[in-house]
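Observations on the three-dimensional arrangement
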Amino acid sequence: MDRRIRGAALACLLLTAGLATGCTTESRADSSSSSAAPDASASSERAGRGEAGARADTKSSTAAAYRKWGLKPLAAPPAPPATKPSRPTAEGGGVPVISEIPTQQEIVFLTFDDGAEKDPKFVTMMRELKIPFTMFLTDAAIRADYGYFKPLQHLGDGVQNHTLTHPNLRTLGASAQKREICGQQTKLKAEYGTTPRLLRPPYGNWNEDTRAAAASCGLEAIVLWRESMQITNMQYQRGDKKLHPGDIILAHFRGPSELKGTTMTEMTANLLRHIQEQGFAVARLEDYL
Ligand SMILES: [Zn+2]
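Here's a quick rundown of the structure.

Definitions and limits used
- Residues numbered from 1 in each chain as written.
- Predicted model: local features only at pLDDT ≥ 70, side-chain atom pairs only at ≥ 80, totals over all residues.
- Helix = DSSP H or I, 4+ residues; strand = E, 2+ residues; numbered from the N terminus.
- Buried ≥ 20, exposed ≤ 12 C-beta atoms within 10 Å, placed from the backbone.
- Pairing = 2+ DSSP bridges.
- Axes fitted to C-alpha atoms, helices over the stretch in contact; angles between N-to-C directions.
- Parallel < 35°, antiparallel > 145°, perpendicular 65-115°, else oblique.
- Left-handed = near helix turned anticlockwise from the far one by under 90°.
- Contact = placed C-beta atoms within 7 Å.

What the protein chain contains, in helices and strands, is 9 helices and 10 strands. Looking at the protein chain residue by residue over its 289 residues, the buried ones come to 29%.

Now for the pairing of strand 9 (residues 248–252). For strand 9, a buried count of 5 out of 5 residues is recorded, marking the element as mostly surrounded by other parts of the structure. What you see with strand 9 is no split at all: Ile248, Leu250 and His252 on one side and Ile249 and Ala251 on the other are buried throughout. Here 5 bridges tie strand 2 (residues 107–114) to strand 9, and the two strands are oriented parallel to one another. The partner of Leu110 across the bridge, within strand 9, is Ile249.

Taken residue by residue, helix 7 (residues 208–216) has Thr210, Arg211, Ala213, Ala214 and Ala215 as its buried positions. Remark: Gly218 follows helix 7 within two positions and exhibits a positive phi of approximately 95 degrees.

So, about the packing of helix 6 (residues 174–192) against helix 7. How two helices pack is summed up by the angle between their axes together with the distance between the axes. Close contact between helix 6 and helix 7 brings their axes to 9 Å; oriented N to C, the two are set at 45 degrees. For the element pair helix 6 / helix 7, the angle class is oblique. Crossing of helix 6 against helix 7: the hand is right-handed. Facing Ala174, Gln177, Lys178 and Ile181 of helix 6, the residues of helix 7 in contact are Asp209, Thr210, Ala212, Ala213, Ala214 and Ser216.

Geometric values such as these leave the question of function open.
Here's what the structure looks like:
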């Protein structure tokens, strides 16, 4: 769906450019009088200025949006790959477990979990900054207001599975794990109209029953992470404490009560600063997985 939206936008842009050129060519071809020629070339110039102007407007409005949120602009992500990078194949009937995407490009992936905090300013922030992310949602955290996440979904951000009630799946038997995972598939499909493809097990805890349950519920991968965003600092799993190409970053829908007074947008700004300072762009996980 994301790709289709982007494809349509691109088609529109090309169509607009094509129409502008077509108009100019037509008026030139139709005009036999010399007086029409200056008009045609003027209109051609106008069309040229319009396109460049539109590009400049987009660029400057993005820069203004970053300034508004106290940020320097992030590097632009590359175009999504035509073929998704290969990932470990499922063994023994369960889905693969991944923490990063194999790529040489300086990109990372953002994920936000649970769904407890529902800050309208976060929706505004992400709409203005146009940074892609993936939501791993738990029914118990979102059921009071499913609607909050719809504008985020409409921005193209994926809704994925984080179980019904956020249990430590390792403490549950196979059938209880299946209820938690398949149950949330059904809920998310009913609320958001799309079937999740990815599972994030609460606390990152999983076992072979989780892999099997995920596969039987129609999921394609278990997604863990390489970095975890706190309030101002990022926690790195690797000793070099740096982002690496393809890293998946964990953050949460959390607000001041869980962040010692910091808001979700302040936490997100801190997160984006870490990424910007290390020269990485943010890409959409679902485009690569
Ligand atoms: Zn969680």
